[in-house]
Amino acid sequence: MPSGRPSAALIACCCLASLLVLLPLCVTAASAAGAGFSLAVTLLWRPLVGELLENTLLLIACTAMTCALIGTASAWAVERTDLPGRRLFAVLAVVPLAIPPFITSYAWVSLNPSLADFSGALLVVTVSYYPLVYLPVAAALREMDPALEETARALGNSAWSVFLRVILPQLRPALLGGMLLVALDTLVEFGAFALLRFRTFTTAIYSAYRAGFSGAEPALLSMILVILCTLCLAAEYFVRGRARYGRLARGTRRAAIRHFIGAWRFPAAIAFGAWALLTIGVPLGMIVYWLLQPGDAATAPVAASLPAVAQAAWSSVYLGAGGAALTLALALPLGILAARHQGWLVNLLERAAYLAQSIPGIVVALALVSLTVHSIRPLYQSAFLLLIAYSIVFLPLALVSVRSAMMQAQPVLEETGKSLGLGRIAVFLRVTLPLAAPGMGAAAALVFISITTELTATLLLAPIGTQTLATQVWADTSTLAFAAAAPYAAVMAAISMAASWLLAHRFGAASIYAPVTVV
Amino acid sequence: MAFLEISHLAKSFNGAKVLEDVSFAVESKTLVAILGASGGGKTTLLRLIAGFDRPDSGTITLNDETLAGPGMFRRPEQRGIGYVAQEGALFPHLCVADNITFGLKRAERRARHRVDELLTLVELPASYADRAPQDLSGGEQQRIALARALAPNPRLVLLDEPFSALDAGLRADTRAAVAAAIQASGATAILVTHDQSEALSMGSRVGVLQNGFLTQLCAPETLYRTPASPALANFIGEAVFAPGVAADGWVDSPLGQLAAPDAVNGPVNIMVRPEQIKLNGVPGNGVSATVHKITFYGHDAVISLSLPGSPQDITARIFSHAAPPPGSDVWLTVEGPVIAFPAGTDA
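What you see is a predicted model, and the numbers here were worked out from it, not measured in a lab.

Caption draft 1: Just the sheet that holds strand β12 (residues 240-247) of chain B, in detail. All names here are of chain B. Ordered by their spatial adjacency, five strands build an open sheet running β14-β13-β12-β15-β21, and the pairing between neighbours is antiparallel. The sheet is open, and its two edges are formed by β14 (256-259) and β21 (339-342), each paired on a single side. Recorded for the sheet is a direction-independent mean angle of 40° between the axes of neighbouring strands. As paired elements, strand β13 (residues 250-253) and β14 share four bridges and run antiparallel to each other.

Caption draft 2: Focus on the packing of helix α5 (residues 101-111) of chain A against helix α13 (residues 265-292) of chain A. All names here are of chain A. In contact at an axis separation of 8 Å, α5 and α13 are set at 65° when each is read in the N-to-C sense. As for how α5 packs across α13, the hand of that crossing is left-handed. Residues I103, T104, A107, W108, S110 and L111 of α5 pack against V282, P283, M286, I287 and W290 of α13. Among the residues making up the contact of α5 with α13, the classes are represented as nine nonpolar, two polar and no charged.

Caption draft 3: Main features of the domain arrangement of chain B. By domain assignment, chain B separates into domain 1 (4-231) and domain 2 (238-342). Each of domain 1 of chain B and domain 2 of chain B has a C-alpha centre, and these two points are 39 Å apart.

Caption draft 4: Here's a closer look at the interface of chain B and chain A. Tallying the contact residues gives 24 residues for chain B and 20 residues for chain A. Broken down by element, the residue count for the side of chain B that touches chain A peaks at three residues, all from strand β7 (residues 81-84) of chain B. For the side of chain B that touches chain A, a count of residues per class yields 14 nonpolar, eight polar and two charged.

Caption draft 5: Seen up close, the nonpolar core. Core analysis: the biggest nonpolar cluster contains 274 residues, and A389, L395, A443 and A489 of chain A together with L158 and I270 of chain B have the highest contact counts within it. No other element matches the 16 residues that helix α17 (residues 383-408) of chain A contributes to this core.

Caption draft 6: Spotlight on the environment of L136 of chain B. Residues and elements named next belong to chain B. Here L136 shows up in the loop between α4 (115-121) and α5 (138-150). Spatially, the C-alpha atom of L136 lies 9.4 Å from that of V96, the residues being 40 residues apart in sequence. Beyond its immediate chain neighbours, meaning those up to four positions away, L136 contacts R131, Q141 and I144.

Rules used in this analysis
Residues numbered from 1 in each chain as written. Chains lettered and ligands numbered in written order. Predicted model: local features only at pLDDT ≥ 70, side-chain atom pairs only at ≥ 80, totals over all residues. Pairing = 2+ DSSP bridges. Helix = DSSP H or I, 4+ residues; strand = E, 2+ residues; numbered from the N terminus. Axes fitted to C-alpha atoms, helices over the stretch in contact; angles between N-to-C directions. Left-handed = near helix turned anticlockwise from the far one by under 90°. Contact = placed C-beta atoms within 7 Å. Nonpolar A, V, L, I, M, F, W, Y, C, P; charged D, E, K, R; others polar. Domains from an automatic or database assignment. Core = buried A, V, L, I, M, F, W, Y, C linked by C-beta atoms within 7 Å. Buried ≥ 20, exposed ≤ 12 C-beta atoms within 10 Å, placed from the backbone.

Structural data, given as structure tokens:
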């Protein structure tokens, strides 16, 4: 790594971005502390908090387990057996990531209104998040040196014994990392659980806020949630940091052994088909079903009209584009700093930005609400504040891509450009930009998708009168107007899936889920 | 019946024939080296013997037991054949001792059965037992991989280009250690490689795999001195070819009248190894030639010579201190017998 000291302007931009990201945490901590010790104890030492903890922890434990089992088994079957249709399943395993969990939740609830509570939450979260295990595990299986498995077979181990003794130990970092990602996403999910009437910290924080309680109660609950998220993030960092075995040596790559599962091929293919039906068929099928129902099939406060849908779609798209631009603008200086410079200050600023990952959208939104309501009134319920909330929530996501994009533009290439007589601006335009552009584009697309499917912050901060696709689906489904919600859900799923497809097509499947990389 | 019998083995991938018809036998406690160009099907042959792939046709028999044949396939874990992959493929999550004992029963694994003995066998200190594979050099990793393959006392050990990833200095030492360990353990082994000096120096018999066929399997000296075809002669080391006419064990050629005991009378194409050609400065002592170019290699040098009336240069390999200056006139003689192929067979 090259380079002298970062310029003061760069440092200033980075400090601004990092401080902005940490602002919601500070506001929340301050209002939690404002409650005072005895009130805090009274508020936290209640059966409600115990129930929330139990619900949340039980759910993340069970979800992580089911996702681990299904994700690993399906990754192994796709990568290591002659399962018919395995290429198709490899694609289908990615699709759930492009369907927001609250849409999946809406589909299941409207299919079976009695589905609720723990079992419903477990079902919805598992079908939504199992790709977070499948993708890294499948990638690790592809990366693994096939000679390891062959050698183990030659040493007398059956396929099952090879899986336990050779494959599983090496999958551990990918598997645990994926499980923690599932846990983290489950902790911050709001919409899916609200529709299922399953109480977790996010839904409790929202109710406390809606009930107009003093800032202390939501802030205290928020702090517990932030601590749980931070624990997940820290565990993820720990798992990734050690035990990265990698290949001992690299040479020519060969395809791995495929196990011929013989008579099991067709039952296995049917099971995979059924699973695809559950994970993709139900959400998309239910949207189509409700689209085909006349508006009065479910109680519709305001039946969806074409202009209303177009208006909501436009809001979602311009907020998504604006949010992506602002997020990228904040991530760019941090990405340059992290890719090109070293030192304690660089580490501190970068880690501060990544820490935002453990601050859920609802916490960010709530903190910004209380901050602006009290001190910066004109900003309250402005579109600009909403964009700021988005950029705080999605900065870590963008930073990972921006940082690796800047790594693509290696300094030695820029130096070569200079040695060929190019000035600073010419080097930037002809060397740095073309090399970093694809990664920056990926970052922008990822943030755009995340914002158009974001519900919580939008719900709390959207300017009066502004309806996005997400808030419309939310408004209609919470009054059980399933048919009215369908057009909005359809447009939202279409935007998200089209953008995800472009992203995955260009950058590979792994690019469409949040890469948690703390460096 | 030989210890390992391969007969009429064929295998294609996606319509491309990698092995067309390969048959050979390996005697117990010998090391057979199979030499072939990369992409020539060497690794495929080993993978079929190990059981990682199924042959399209043909049979593999080990110690009178059919491993693969029509309607018959033994899985790799049932074969008792050790396998050393190109880059060792040590399990990165296990220490050296756990790698070595990987193929043993649970109780033996706990007791670290034979770890010291096997480390000694591959000439590594016993203190290596607790190291992580990542901390070993490439050559050490290969030795551990061999120890791991030998630990369950396999009937046969397969070595898939085990030295190709090592740099030149390590390669010689690792080769010697591996050869010694295999011999000491009394195992039968097949080594595939694209490196001819490796094949010739390590194999008690050497075979050449070309275009899906095993063309010759014999002692290394025989292969080098009397290759079955001009193409094979070119593949195993360098060769000088010249036209000639054979009569009664002698060949008349631009290189002089040369002894060719097995030559069939009539027009022939003779093959001489460059080191058989000797140069001298005595006019009339042999065939006259002019030194065209010298390529210096250190202890020896390759001299490019033009012969009067011959369109092509020929090469001689001599000790470098005896190399004549370019442009000088020399006289050459050929030492030892030459091989005469029927005229019209080209390299």
